[in-house]
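Overview (structure and organization)
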Amino acid sequence: MATLERPVLRYRRNQRIVHAVLATSFLLLLLTGMMLLWGPASRFAGGGTSRLVHRIAALGYMSVPIGYLLADRAGAIELVRESFRYDRDDIAWFKHMYRYALGRTREMPPQGRLNAGQKLHHAFVIVVSVGVVGTGLTLWFLKSSLGPDWLAFTTLMHDLCMLGLTLFLVGHLYFTYVYKALSGMTTGYVDAVEARLEHAKWVEELAASPQPAHATDPAHAITKTNKTTTTTYRKGKKQ
Amino acid sequence: MAMAFLLDLGRCIGCQACSAACKTGNELAAGTQFIRLIEQTRGEFPDLSGGFTNHRCYHCADAACVNVCPTGALYKEDGLTRTSRDICSGCGYCVEACPFGVPEMVDGLSSKCDGCADTVRAGGEPWCVVTCPSNALEFGEREEIVKEARERVTAMRARYPKARVYGEDEAGGLGVVMVLPDDPDVLDLPVDPAPGALINTWTGIVQPATLALTAGATVAAGVMGVIARRNHMLELKALEEGEEA
Ligand code: HEM
Ligand code: SF4
Ligand code: SF4
């Protein structure tokens, strides 16, 4: 039975470190940014320490793409490539997304290493980060020459970018909780049953390849079983 | 009660007494000034005339600086725009937002006239007003000050046909009601100093919406997460039982 299978390696050590840098710097940016946005938190902004922390965390945030390329080039490229490529199953997945959001994976179309929602999340983060960094750097280096309208426009766009990123973060944490996915980013391994359920095409791919690309540790490589995936999604059938 | 200054640019002789008294009275650090007198030559040759602009915080009722200040370091009190430098974050938003270019950063914190808050609260008059030798400055209830400004303009019209009151309604009504001998733009004053629509969109719509949506999404995710997780655990259980059977 499936639970007897070994956990599947999902994220290599360097990928987990890069993710930790991204998560930590984002939360610091959110916290210190909120001190200029939310009245009750603004008393912690007095003196300007929060603004200094915001800039230090921004350096961490901006270092992530370079850091990822240096630490795990293949992983970084794979992330970007997959995040912007959607196949028919992905489109079908979006159509049934409400089910996934309600914790019912079994009725979803089979997904690859990243499900369609994860792809969208990652693509959104990449695109909107360009906006938050651009407006942030403008506020950092050009603020004293902006004047009333450009100051308002730049901060307004900075706020909207952060709103978008924060809403996606809420969703990101939501799915992490519902599908018990945290271990993928802490230990690197995820439960085989969950992997088979939520990323059927990926698990098949791993099992089929003689030297699994993702499981560098052979002890944890998935062994091919003659059992097909457990998804019960049937194309074209109304459920 | 709304208080206000009267600033009569027809009478200002540029003697710098107000600026010096302000600096001493408020113990301003070297290099800091709340009032700047700038000499001007107006008109076209040969009709030249001289005069001074008296650049200072005009204590707008609709103060852009207060609108954008994230910490409450700038706030309105009795019609004047006060400052609490101890809670200023040094973000500089007020410097950019002020339509008159008034606040400055001094030692990393915003610095501008606070209407001699301590003196006025104790019942006194601002330093500049006490010192002015030519009656160009007065301080009192805003209603009275506006009345006085109108009277002075009427009296001036013979000599200065373009004389007018400035600040009665500008930017919601200034706390420094001015008597101008000429058009505002000639005196380096913006014709319409009202805070722009973008500033109001930012602080009045985008900021509150950002907070509300973030809070709403977090609460919704919290509630829905419990339900969805239970559904998922049930489907895992069903899967296990199905495979064992
Ligand atoms: C990584 C690039 C970023 C840079 C360079 C940057 C820079 C800045 C700067 C210079 C300011 C102006 C305030 C000040 O002078 O202290 C600011 C404000 C702010 N930042 Fe960022 N930031 C970045 C990313 C973020 C992110 C990711 C978030 C949210 C998670 C965020 C949230 C905010 C907020 C809420 C404000 C206050 C805006 C307002 O007052 O309406 N920033 N940022
Ligand atoms: S003149 Fe500038 S600093 Fe003074 S109250 Fe108006 S906006 Fe604020
Ligand atoms: S610099 Fe200080 S006073 Fe000016 S807007 Fe920022 S926190 Fe407020």
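Remember, it's a predicted structure, so these values are computed and weren't measured experimentally.

1. Let's talk about the overall build of chain A
Looking only at helices and strands, one finds 10 helices and two strands in chain A. Helices and strands in chain A line up, N terminus first, as β-α-α-α-α-α-α-α-α-β-α-α. By the burial criterion, 47% of the 239 residues in chain A qualify as buried. Across chain A, the fraction of contacts at a sequence separation of at least 24, relative to all contacts at a separation of at least 6, is 73%. Counting every atom, chain A has about 12400 Å² of accessible surface; 67% of that belongs to carbon and sulfur.

2. Structural notes on the domain arrangement of chain B
All names here are of chain B. Domain boundaries assigned for chain B yield domain 1 (3-194) and domain 2 (196-245). Domain 1 and domain 2 are separated by 50 Å when their C-alpha centres are compared. Taken residue by residue, the interface counts five residues in domain 1 and five residues in domain 2. The contact between domain 1 and domain 2 buries some 390 Å² in all, and 62% of this surface belongs to carbon and sulfur atoms. When residues of domain 1 are sorted by the area they lose upon contact with domain 2, Asn67, Val68 and Tyr93 head the list and together hold 74% of the total. Across the domain 1-domain 2 interface, the total number found is three residue pairs in polar contact (both at pLDDT 80 or more). Taken together, the elements giving at least two residues each to the side of domain 1 that touches domain 2 come down to α2 (64-68) and α3 (93-97).

3. Concerning the site of ligand 2
Taken together, 14 residues lie near ligand 2, and B:Cys57, B:Cys60, B:Cys65, B:Thr81 and B:Cys98 sit nearest. Among the residues making up the shell around ligand 2, the classes are represented as 11 nonpolar, two polar and one charged.

4. Description of the coordination of the iron atom of ligand 1
Residue and element names in this part refer to chain A. Within the protein, the atoms that donate to the iron atom of ligand 1 are His54 (NE2) and His158 (NE2), at distances of 2.0 to 2.1 Å. Each of the six donor atoms bound to the iron atom of ligand 1 contributes to angles spanning 85 to 179°, and the resulting shape is octahedral. Remark: His158 occurs in helix α7 (residues 147-178) and His54 occurs in helix α2 (residues 49-71); sequence separation between them is 104 residues.

5. Quick word on the environment of B:Glu148
All names here are of chain B. Looking at where Glu148 falls in the secondary structure, it is placed in helix α6 (residues 142-156). We classify Glu148 as partly exposed; its relative accessible area is 30%. Between the alpha carbons of Glu148 and Asp188 there is a distance of 23 Å; along the sequence they are 40 residues apart. Side-chain polar atoms of Glu148 contact the side chain of Arg152, separated by 2.8 Å.

6. A short note on the sheet that holds strand β1 (residues 3-8) of chain B
Residue and element names in this part refer to chain B. Ordered by their spatial adjacency, four strands build an open sheet running β8-β1-β10-β9, and the pairing between neighbours is mixed. Every interior strand has two partners, whereas the edge strands, β8 (137-141) and β9 (164-166), have only one. For this sheet the average axis-to-axis angle between neighbouring strands, irrespective of direction, equals 25°. Pairing of β1 with β8 involves five bridges; the strand directions are antiparallel. For Ala4, the partnering residue across the bridge sits in β8 and is Gly140. Of the strands in this sheet, β1, β8, β9 and β10 (176-180) touch α6, which is tilted by about 15° from β1.

7. Things to note about the nonpolar core
Residues B:Tyr58, B:Phe100, B:Leu174, B:Met178 and B:Leu189 are the most contacted members of the largest nonpolar core, which totals 44 residues. At the level of elements, β1, α1 (17-25), α5 (127-131), β8 and β10 of chain B are the ones that each hand at least two residues to this core. Setting aside residues no more than four positions away along its own chain, B:Leu189 makes contact with B:Tyr58, B:Phe100, B:Tyr166, B:Met178, B:Leu180 and B:Pro184. If you look at the next biggest cluster of nonpolar residues, it comprises 17 residues, including A:Ala41, A:Leu139, A:Leu146 and A:Leu151.

What counts and what doesn't
Residues numbered from 1 in each chain as written. Chains lettered and ligands numbered in written order. Predicted model: local features only at pLDDT ≥ 70, side-chain atom pairs only at ≥ 80, totals over all residues. Heavy atoms only, no water. Helix = DSSP H or I, 4+ residues; strand = E, 2+ residues; numbered from the N terminus. Buried < 20%, exposed > 50% of the residue type's maximum accessible area, 1.4 Å probe, protein only. Contact = heavy atoms within 4.5 Å. Areas by Shrake-Rupley, 256 points an atom, 1.4 Å probe, with all protein chains shown as cover. Domains from an automatic or database assignment. Buried area = accessible area lost by both parts, 1.4 Å probe. Polar contact = N/O pair within 3.5 Å; in protein donor to acceptor, adjacent residues only side chain to side chain. Near = heavy atom within 4 Å. Nonpolar A, V, L, I, M, F, W, Y, C, P; charged D, E, K, R; others polar. Donors = N, O, S within 2.8 Å, 3.2 Å for Na, K, Ca; no water. Tetrahedral: all angles 85-135°; square planar, octahedral: opposite > 155°, others 65-115°. Pairing = 2+ DSSP bridges. Axes fitted to C-alpha atoms, helices over the stretch in contact; angles between N-to-C directions. Core = buried A, V, L, I, M, F, W, Y, C linked by side-chain atoms within 4.5 Å.

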